[in-house]
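Breakdown of the fold
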Amino acid sequence: MKEHRVTDDLDRLLAVLPPSFQPHLATAAQREGLLEVVLDLGRTAEARYLNGCVDLGSKPISGEDLQFVIDQLGAFGGDNRAGIAGTLHRISALRNRSGVVIGLTCRVGRSVSGTVAMVRDLLDSAQSLLLLGPPGVGKTTALREIARVLADEFAKRVVVIDTSNEIAGDGDVPHPAIGRARRMQVAKPQWQLRVMIEAVENHMPQVIVIDEIGTAEEALAARSIAERGVQLVATAHGNALENLLRNPTLSDLVGGIQAVTLGDDEARRRGSRKAVLERSAAPTFPLAVEMHSRSRWLVHADVAATVDRLLRGDAAQPEIRSVDTKGCLRVEQPLPRLLLRPAKPVLKPVLKPLQPTAAPLRVYCCGIAPRLVLQAARSRHWPVQLADELPLADAVLAGRQQLGLNPEVRREARDGGVPIHVIKANSLTQVQRALERLLRHHGAKLTAE
């Protein structure tokens, strides 16, 4: 995978800066990797990059310089943000106690193609996806590209809830970076949750894309939408999934926390105290990605299992995906967790690998990530192959929610006599159990050690 970056009209952003500062950003080297330009009253202007800041001359910013920029922008909204029509750039204002602008942050907006390759298999699962990360790691840029891929390449009905016009740019015509996805603008930031519900009720989306879920009400609206069978793709601030879990405002996005008092026998069985924390509900987002940088993402393919692990005091075991210096995608599987307590005797027999003579099981995936099927088969040495078309399959492995959205799959499987096995969650553990049952039904011999 090689990332291809396109800067959308950087000249138009630099043109709104005071003329005395523009020569300091005239060359390609000075513009490469530019994140934002900061203009604060009485201080020198700064150009900010991933690895530091550069002063733009030595002249302090005056009130006239700030007014020069403001006069060329659209109106500032209730979130103190403005934009340049037809671009993805964002200008945010700092105000004094009287409401006068005393500083501007001119953020460079880019559309970047190629980043979605890091999570393309997750999009294919049709499960809701949450992107986590601190400011500046490219969450909105990734969200923009995901919206385009889902709309153009997956041919889904996608609606973008664009609270600050940051995803699809300023103006009434959405930026081409979101492809055929539709955009709903939000008049006031506090109305975002209303527009989220309105999108579901009025426009029949299959996917809703939201930037920056930040309040408990928006988290509740996201759960309501997910329970109506709509796939969500959203962002939230937080360095890691554990941070979000400890955030009382947003913890519901990953299932929430409740205090539970165990009985004596159960506490003894678990080897824990009687008062413990447990996940209170199924996560609104079954999939989560921690964006630690623009080229290193940590993928939680089963958020419910990760949250349960964290609440038990164990470490999360995300899959690490990164892009190396040559632009190639690298995937690192999590290492096995070290046992902190002596393992209890296993009552169920451990299965040996399938005999080499077993006929391959051809599986057609409906709402289940193909990579999980392949991973489960490789780990157990099972003779499993993926079928590209349902008539060529020996069995269908389907997610409950996705199967309900694809009646034609049920009909075609019934007509062709292909059995369907439905699982609740798109997780490696459930896929392994399902494949074991399908292989037994298919005639493969499993023997116990």
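For the structure given in this document, a descriptive report is provided here. This structure is a prediction, so every number in the text was calculated from the model and none was measured.

Quick look at the pattern of salt bridges now. Inspection of every chain in the model, using the stated rule, returns 22 salt bridges. The salt bridge involving Glu212 is made with Arg81; its shortest N-O contact spans 3.9 Å. Taken together, the positions of Glu212 in the loop between strand S12 (207–210) and helix H7 (216–226) and Arg81 in strand S5 (residues 81–83) put the pair 131 residues apart, joining distant regions of the chain. According to the relative accessible area criterion, Glu212 is partly exposed, its value standing at 28%. Across the pair Glu319 and Arg321 runs a salt bridge whose closest N-O atoms are separated by 2.7 Å. Within the structure, one salt-bridge network assembled from shared partners comprises Glu36, Glu46, Arg48 and Arg107.

Looking now at the side chain of Ser251. With respect to the secondary-structure elements, Ser251 resides in the loop between helix H8 (241–245) and strand S14 (257–261). Ignoring anything within four residues of it in the chain, the contact list for Ser251 reads Leu244, Leu245 and Gly256.

Moving on, we get to a nonpolar patch on the surface. On the surface, a cluster of nonpolar side chains totalling about 330 Å² of accessible area is made up of Leu41, Leu94, Val100 and Ile102. Looking at the secondary structure, you find Leu94 in strand S6 (residues 90–95). With relative accessibility at 46%, the residue Leu94 sits in the partly exposed group.

Taken together, the six strands give an open sheet; going across it, the order is S4-S3-S2-S7-S6-S5, and neighbouring strands pair in antiparallel fashion. Two strands close off the open sheet at either side, each with one partner strand: strand S4 (52–60) and S5. Looking at each pair of strands side by side, their axes are set apart by 20° on average, direction ignored. Note: strand S2 (residues 34–40) against strand S7 (residues 101–107), five bridges, orientation antiparallel. Its bridge partner lying in S7, Glu36 is registered against Arg107. Packed on one face of the sheet, helix H3 (residues 63–70) meets S2, S4 and S7 and runs near 50° to S7.

Here we take up the packing of aromatic side chains. Inspection of every chain in the model, using the stated rule, returns zero aromatic pairs. In this structure, Arg95 is placed above the aromatic ring of Phe76, and the distance from its NZ or CZ to the ring centre is 5.6 Å.

Turning to unusual backbone geometry, a few remarks are in order. Residues other than glycine seldom take positive phi values, yet Asn80 does so here, at roughly 60°. Its place among the elements puts Asn80 in the loop between H3 and S5. You can call Asn80 partly exposed: its relative accessible area is 26%. The phi angle at Ala126 is positive, at roughly 65°, despite the residue not being glycine. Within the secondary structure layout, Ala126 lies in the loop between helix H4 (120–124) and strand S9 (129–133).

Conventions adopted
Residues numbered from 1 in each chain as written. Predicted model: local features only at pLDDT ≥ 70, side-chain atom pairs only at ≥ 80, totals over all residues. Heavy atoms only, no water. Salt bridge = Lys/Arg side-chain N within 4 Å of Asp/Glu carboxyl O. Helix = DSSP H or I, 4+ residues; strand = E, 2+ residues; numbered from the N terminus. Buried < 20%, exposed > 50% of the residue type's maximum accessible area, 1.4 Å probe, protein only. Contact = heavy atoms within 4.5 Å. Patch = residues over 30% accessible without salt bridge, like charges linked within 9 Å, V, L, I, M, F, W, Y side chains within 5 Å. Areas by Shrake-Rupley, 256 points an atom, 1.4 Å probe, with all protein chains shown as cover. Pairing = 2+ DSSP bridges. Axes fitted to C-alpha atoms, helices over the stretch in contact; angles between N-to-C directions. Phe/Tyr/Trp six-rings, centres within 6.5 Å; stacked < 30°, edge-to-face > 60°. Lys NZ or Arg CZ within 6 Å of the ring centre and 35° of its normal.

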